[in-house]
Structures are given as structure tokens and as C-alpha cells.
Amino acid sequence: MDISELIRKEGLRRGLSRQTIRTYRHCVRKFFNLCRKEPHEIKKEDIKSYLDMMIEKGRCGNTINVNLNALKFFYGNVLNKRLMVNIRYSKTPKALPIVLTKEEVAKLINSISNPKHRLMIKLMYSAGLRVSELVHLKAGNLEIENGYGWVRHGKGNKDRMFIIAESIKEELKDYISKECISPNSYIFRGHNGHITTALVRSIIKNAVKNTKLAKHAHPHTLRHSFSTHLIENGSSVAEVQSLLGHSSAETTMIYLHIASPKMIRAKSPIDSMQII
């Protein structure tokens, strides 16, 4: 039985992203390398023991849940067995993401001297793009004059619309024109067709270092910052949810907790009291 190939085929049939499929294949392969039993010999106790071992090694809740989801997918969707019906998820602590202020974002972008790299980061922040979405953008995905673009086959294999800021429209058009980028070509090209996510992380890492930013920032920090700044500017949770491509409004609600109370016009109830 080629377990990895079975997971790949079933994952594609069910519309899972390639990254999710790769993760599930890796997790299931690690489990069987350690357990050393045939799939039909595995019992619920084997999986519980494996997860307990991960907990004892100090693995975080997210890691445990990913491994649990991978095994549930393999047994439930690939083998059609309800092996894990009573196994509960590991609780994951709810930590608020790090967010940069608007001034910090501007400082970060202004510190990037390479025009192409600066445009990449400006586009990623201004549209709230994931780093994987940025590197896979094609010129044909953009409707620059109309102020929007499309993420094709994003997280969960979903398409969604994103906004193109007025302040970068001309810069984007000039870049695409000067680089002679065709509609079917990646906007930011690299040796293997498009730039790598590692390059984007490196650009931001160097910018953080150059600006001596006190906060730890990475590509997704810009997406968190974009979302929070939208809320601060008066956008509704529903609007932000749509722009981010979140399936649940609950995921988007976290940015209400981060946004500056002053900017979202929230007032403390004590301000309406007459207290001496």
C-alpha cells in the first residue's frame, strides 16, 4: 500500500491545497515509521500513545492537532474507517498575533532599497496577501484600473478578490510594462518561474534589522497589520473577512481585539458617568 500516494490522490479529489497534502503525507509517514504496523493493524490506542509521546516531548497544540487531522484524514477519508471518533483535539493557547503600527509598516517599507523588492512588500501589505499568494500572482490576475485583483487557488484551494491600493497602481503598471510580463507570467519572476517565499522572508528580515524594529516581524505580520488597520479605519468585520478569505467571521474577530480602541471609536463606559 502506497500510503503517501493514496493521501495525495484523495487530497486532490477533495480540493485540499498542495501544502496541506504535503503536510498530511509527512505526518502519516512519520507515524508509521515509528509505529511500524500495517494500517489495518492500527488501533485507537496506538494513535493515542503516539500523540501522548508528542505531548511529553513538548510539542505545541497546533503540531499535535495537525498530526491528529492527518491521521483522521487518512483513516476517515482514505480508508473509510471511523477509528478515531472519540479522540479529542489538543487545546491550543489563544495568543494575539503581533501587529505593526502604520508608522512601523511605512518605516519597514521605506528601508528597502531594491525597487522590485519594495514593490513586492508594498503589494503584499496593501492587499493583505499571504506570502504564497504573492509569489504565485500572475499579471492576468490583476485588474489594476478597476482597483482589484484575484488570488487563484489560495488557501483551501479557494479564489478570492483583493484590493489594489491607489498609491501603487501606476508603479505596478510601470513595472509590468518595463519587465514585459505577459498575462500568463508570474509578476515577480525568479529562477524557477517565480520568486520563492524564502526570498520574501529574507527581505522582511533584513528590513526589520535595518530599521531596528523592536517587534519580531515576518510576512504574515504584514497581513495581520493590514487587517487590524482596516478595522481601525472603520471597515466592518464582514468586509475584512471577505478580503482575507476567512471562512468564519470568528477568525476575523481577533483583529477587533488588537485594533486601537481610540481608532475604532470605542469609549469606556466610565466616560458617560458622573464620578467625582
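Here the structure, examined in full by the defined rule, presents 7 aromatic pairs. Aromatic side chains Tyr175 and Phe188 sit 5.6 Å apart centroid to centroid with 35 degrees between the ring planes, which places their arrangement in the tilted category. With Tyr175 in helix H8 (residues 169-178) and Phe188 in the loop between H8 and helix H9 (197-211), this pair connects stretches of sequence that are 13 residues apart. Judged by its relative accessible area of 13%, Tyr175 falls in the buried class. With relative accessibility at 0%, the residue Phe188 sits in the buried group.

Note that Ser126 resides in helix H6 (residues 115-127). Relative accessible area serves as the criterion here: at 13%, Ser126 is assigned to the buried category. Within the structure, the side chain of Ser126 is placed 2.8 Å from the backbone oxygen of Lys122, a separation counted as a polar contact. Not counting the four nearest positions on each side in its chain, Ser126 is found in contact with Ile163, Ala165, Ile168 and Phe226.

Looking now at the nonpolar core. Judged by nonpolar contacts, the single largest core of 48 residues is most densely connected at Ile121, Met124, Leu129, Phe188, Val200 and Leu222. Going through the elements one at a time, helix H5 (102-110), H6, helix H7 (131-135), H8, H9, helix H10 (219-232) and helix H11 (237-244) are the ones with two or more residues in this core. Ranked by residues supplied to this core, first place goes to H6 with 7 residues. The contact partners of Met124, leaving out residues within four places of it in the chain, are Leu129, Val131, Leu134, Val200, Ile204, Pro219 and Leu222. Tyr24, Phe31, Ile42 and Phe73 belong to the second largest nonpolar core, which has 20 residues in total.

Rules and cut-offs
Residues numbered from 1 in each chain as written. Predicted model: local features only at pLDDT ≥ 70, side-chain atom pairs only at ≥ 80, totals over all residues. Heavy atoms only, no water. Phe/Tyr/Trp six-rings, centres within 6.5 Å; stacked < 30°, edge-to-face > 60°. Helix = DSSP H or I, 4+ residues; strand = E, 2+ residues; numbered from the N terminus. Buried < 20%, exposed > 50% of the residue type's maximum accessible area, 1.4 Å probe, protein only. Polar contact = N/O pair within 3.5 Å; in protein donor to acceptor, adjacent residues only side chain to side chain. Contact = heavy atoms within 4.5 Å. Core = buried A, V, L, I, M, F, W, Y, C linked by side-chain atoms within 4.5 Å.

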